Amino acid sequence: DDRHLQLQPPTTFSWYYTLGDTVTALCDAGLRIDFLRELPHSPFQCNQFYVRDESQPDERWFRMPDGSVSLPLAFTLRARKPSA
C-alpha cells in the first residue's frame, strides 16, 4: 500500500556564480553578449521574505515586498558566437 511509503527528499547540488563570473566565462568562450538585463523578480522564492509578484501574467515569480529596496533578483542575457 503506497499510503504508508516514506519518501526521502532528493539530494540536490547547487552552484552560485556571480554575474561577473557568468559574463567573463561567456567572453572567455569567445561569445559576443547581445544584451544583459537585470530583473526585479525571481522564478524561485530564494528567501522566505520574497512575495509572489502578481503583476506577472503567470504569477509564478517572486519579488521583494512593497516598501523594500529594489534589487535585481535574476537576469537574462543573450550571447552568440560571432559570425566568421
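Everything quoted here is computed from the prediction, not taken from an experiment.

Undergrad: I tried to follow the sheet that holds strand β2 (residues 41-42) on my own but got confused; where do I start?
TA: Adjacent strands of a sheet form backbone hydrogen bonds with each other and so pair up, either parallel or antiparallel. Taken in spatial order, the 3 strands line up as β2-β4-β3 in an open sheet, and their pairing is antiparallel. Each of the sheet's edge strands pairs with one partner strand only, and the pair in question is β2 and β3 (51-52). Bridge analysis of β3 against strand β4 (residues 62-63) gives 2 bridges, and the strand direction is antiparallel. Pairing of Val51 across the sheet is with Arg63, part of β4.

Undergrad: Explain the side chain of His41 to me, please; I cannot follow it from the model alone.
TA: Checked against the element boundaries, His41 lands in strand β2. Under the relative-accessibility criterion, His41 is labelled buried at 9%. Those residues in contact with His41 that sit more than four places away from it in its chain are Asp53, Gln56, Trp61, Phe62, Arg63, Leu73 and Ala74.

Undergrad: Looking at this structure, I do not really get the environment of Lys81. What am I missing?
TA: Tracing the backbone through its elements, the reader meets Lys81 in the segment after β5 (74-80). The class of Lys81 is exposed, set by a relative accessible area of 71%.

Undergrad: Can you help me understand the pattern of salt bridges in this one?
TA: It is possible for side chains bearing opposite charge to pair when their charged atoms get close. Scanning all chains against the criterion turns up 5 salt bridges. With a shortest N-O distance of 2.8 Å, Asp34 and Arg32 are connected by a salt bridge. On the accessibility criterion, Asp34 (21% relative accessible area) is partly exposed. Here Asp34 and Arg80 are joined by a salt bridge, their closest N and O atoms 2.5 Å apart. Pair noted here: Asp34 is in strand β1 (residues 32-39) and Arg80 is in strand β5, with a separation of 46 residues, a long-range link. Connected via shared salt-bridge partners are Arg32, Asp34, Arg78 and Arg80.

Here is what the cut-offs are and how they apply
- Residues numbered from 1 in each chain as written.
- Predicted model: local features only at pLDDT ≥ 70, side-chain atom pairs only at ≥ 80, totals over all residues.
- Heavy atoms only, no water.
- Pairing = 2+ DSSP bridges.
- Helix = DSSP H or I, 4+ residues; strand = E, 2+ residues; numbered from the N terminus.
- Buried < 20%, exposed > 50% of the residue type's maximum accessible area, 1.4 Å probe, protein only.
- Contact = heavy atoms within 4.5 Å.
- Salt bridge = Lys/Arg side-chain N within 4 Å of Asp/Glu carboxyl O.

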